[in-house]
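# Observations on the three-dimensional arrangement
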Amino acid sequence: MKILVPVKRVLDYNLKPRVKADGSGVDLANVKLSMNPFDEIAVEEAIRLKEKGVATEIVAVSIGEAKSQETLRTALAMGADRAILVTHDGVAEPLAVAKLLKAIVDEEQPGLVILGKQAIDDDSNQTGQMLAALLGWAQGTFASKVEVEGETVNVTREVDGGLETVALKLPAIVTTDLRLNEPRYASLPNIMKAKSKPLAQKTPADYGVDMTPRIETLNVSEPPKRQAGIKVGSVDELVDKLKALGVA
Amino acid sequence: MKTLVLVEHDNATLKDATLPVVTAAAKLGEVHLLVAGKGCAAVAEQATKIAGVGKVHLADDAALEHQLPENIAPLIVDLMGHHDAFLAPATTTGKNIAPRVAALLDVMQLSDIISVDGPDTFTRPIYAGNAIAQVKTSDTKLVITVRGTAFEKAASEGGSASVEAVSGASDAGSARFVSAEVAASERPELTSAKIIVSGGRGVGSGENYKALIEPLADKLGAAVGASRAAVDAGFVPNDYQVGQTGKIVAPEVYVAVGISGAIQHLAGMKDSKTIIAINKDEDAPIFQVADIGLVGDLFQIVPELTSKL
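Residues numbered from 1 in each chain as written. Chains lettered and ligands numbered in written order. Predicted model: local features only at pLDDT ≥ 70, side-chain atom pairs only at ≥ 80, totals over all residues. Heavy atoms only, no water.

## Some thoughts on the overall build of chain B
Scanning chain B for helices and strands turns up 8 helices and 16 strands. For 309 residues, the compact-globule estimate of 2.2 N^0.38 gives 19 Å, and chain B sits close to it at 21 Å. Counting the 309 residues in chain B, one finds 58% classified as buried. In chain B, once contacts between residues fewer than 6 apart in sequence are set aside, the share between residues at least 24 apart is 65%. Carbon and sulfur atoms make up 48% of the accessible area of chain B, which totals about 11,300 Å². Averaging the locations of the 25 positively and 36 negatively charged side chains of chain B gives two centres separated by 1 Å. (Helix = DSSP H or I, 4+ residues; strand = E, 2+ residues; numbered from the N terminus. Rg over C-alpha atoms; globule rule 2.2 N^0.38 Å. Buried < 20%, exposed > 50% of the residue type's maximum accessible area, 1.4 Å probe, protein only. Contact = heavy atoms within 4.5 Å. Areas by Shrake-Rupley, 256 points an atom, 1.4 Å probe, with all protein chains shown as cover. Lys, Arg positive; Asp, Glu negative; His and termini not counted. Charge placed at Lys NZ, Arg CZ, Asp CG, Glu CD.)

## Points about the sheet that holds strand 16 (residues 292-295) of chain B
Pairing in this open sheet of 6 strands is parallel, and the strands run 13(A)-16(B)-15(B)-14(B)-12(B)-13(B) from one edge to the other. The open sheet has two edge strands, strand 13 (230-232) of chain A together with strand 13 (223-226) of chain B, and neither has a second partner. Direction aside, neighbouring strands of the sheet carry axes that sit 20° apart on average. In this sheet, strand 14 (residues 253-257) of chain B lies alongside strand 12 (residues 195-199) of chain B in parallel orientation, the contact comprising 5 bridges. What sits directly across from Ser198(B), in strand 14 of chain B, is Ala256(B). (Pairing = 2+ DSSP bridges. Axes fitted to C-alpha atoms, helices over the stretch in contact; angles between N-to-C directions.)

## Overview of the pattern of salt bridges
Enumeration according to the criterion identifies 33 salt bridges over all chains in this entry. Two residues, Glu44(A) and Arg184(A), come together in a salt bridge whose shortest N-O distance is 2.8 Å. With Glu44(A) in helix 1 (residues 37-51) and Arg184(A) in the loop between strand 10 (172-176) and helix 5 (188-194), this residue pair connects regions lying 140 residues apart in the sequence. Between Arg214(A) and Asp139(B) there is a salt bridge, and its shortest N-O distance comes to 2.7 Å. Residue Arg214(A) is located in the loop between strand 11 (199-202) and strand 12 (215-221), and its partner Asp139(B) is located in the loop between strand 8 (131-137) and strand 9 (142-146); the two belong to separate chains. (Salt bridge = Lys/Arg side-chain N within 4 Å of Asp/Glu carboxyl O.)

Written as C-alpha cells, this is what we have:
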C-alpha cells in the first residue's frame, strides 16, 4: 500500500508570531519556517506503517512557495521515498489544497492519506475532512492510534469526551493528533541521502485547479494584551483573594 | 438569511455547546436547528425551547447515531438547498463534520469565528490566537464553526419552535463506529465550567495530580484541566487538555498549577476572567498573563490552599 503524506511549511512552532504593522498579516520574512508539527507526526506514522510492512511506499506532497522543497527534503530525510512539490506563491486555502490533493490521489492511488489535523498558522483544521469529502472516502480525524487490518483501518480519535474508535474502509483519510507518535529526528546520513531522492515539481495548472482565494483577509491585528497582575506572598493572601472573587 | 445550526448532543441530552452557536447564527438571520441522531426526539424537544429558534429539523436514523461525518454531511448538504449558512460548534464533532459539508458545497469554511461583523465578514483567531484576522468571504453559501467562549449562550428556555422530520439519511457504508471511552465525571464539564483548576508538568505524576489537583478542584466546585505536557506525560487523559489544539476555555477563574505557560496553552485559556498561577519559577511566562500569582512549591502550597478553603 502506498501512503500519501501532505506537509506544510509554517512559522516554527517555537517562535512567537509578529503581526505586521500595516495589518496585512504575520511577518514571515527572515524567520525560521519548519514543517507543521502535526505533519511531522503524519510523516512518522507513515514511516512506522512502512516499517511494520503495511506500507510499501511513502509519497510526501507540499503545496506552497519554492522553499517548501526544504520541508519535503525533511520528510524524505525522515524516511519518505519521494516527493511532489506543487509550487504556488500566495494564499493556498484548504479547499484549493484539498482539490490539488484529490488530483494527486487520482494519479497516485494511495491506500491511505495521512495529514496533520491542522496547520499551526491558520488553525483551519479542514484539509483532511475536505479531501475525504471530495474523494468520497471515510475519515478518521484527530487520531491517537492507527491500525491497518486487511481492508480496514481502525482509528482511535481524541474527542471532547475522551476517545472514540472508528473502523474505516480503505482507502481512507487519517488526520493526526498530538499523541499519535513522537516524530524521529533525521540522521545526518539520511539527510544526505534525502538530497538524491526524487522530487517532482508541479504547478496547480498541471492539475487544473483554480487557486483563487474565496476568503479575503481584511486585517490582521494583535489580540488584546493581558496585563500581568499582582503576586501574593502566601497561601493566606491567596485565600483572601479567592474569597474576594466569591469563589471560596 | 436562513441559517442551519448543528445541535451537539448524545442522543438523549442537548449539549450546552449548541447555545453560543445559536447566538452567532441569530446575528446572520433566521435560525433553524438540525438534530441528527438515533432515538433523539427528546433532544429535538429540548431544541424547540431554545430562544430565537424558528424550526428544528429532526433526522432520526440508525446511520446517524454516532455523528459519523460520512453519513451526516450528505444530509446537511441536502438541507443547505434551502438554507444560506451552516454553523457548527468548534467542538471535535463540529470540526469533524463542517469541512466535509463545506467541500461538498464547494465553499471555503470559516473556522472558529469569534465575532460576526457582517453577513460575509467575520473575525477569527490565527496562530494560536497570537493574531486576530478579520476575513470576508465571497462564497454565497456559508459554512462556519463557532468558538463557544466568544458568544453568549442563547437561553435554553422560552422558545417554541416546531419540529420537522427529515428523511433520506443513509449509511455510506465506509465508516463504522466501534467503541467510545468516555470518562464519567461528577465534576463540571471543562468547556462550560465557571472555575477550572489545571495541572501541568510541574505536578509530576498522575498520582500527584489525583492527590493535589483534584481535591483543590472539588473544594472549589471546579472542573479539572491540564496542559499538553501533563497529558503527554500520561498524568491525565487527552480530554483534559486545554490549549491551541485541545479545549478552549474561558471560565470566571482559571487556576494554573505547575504550568509554565507555553503559547499553545495560553491560547486555550487566556480569555479567562481571572487567572491564578502557582509556579515555583518566578520567570515562568504564565505570570505574564496571571492576575494573581504565587511563587513557590506547589507540593506545599496546594495542600495548604485546599485545607484553608
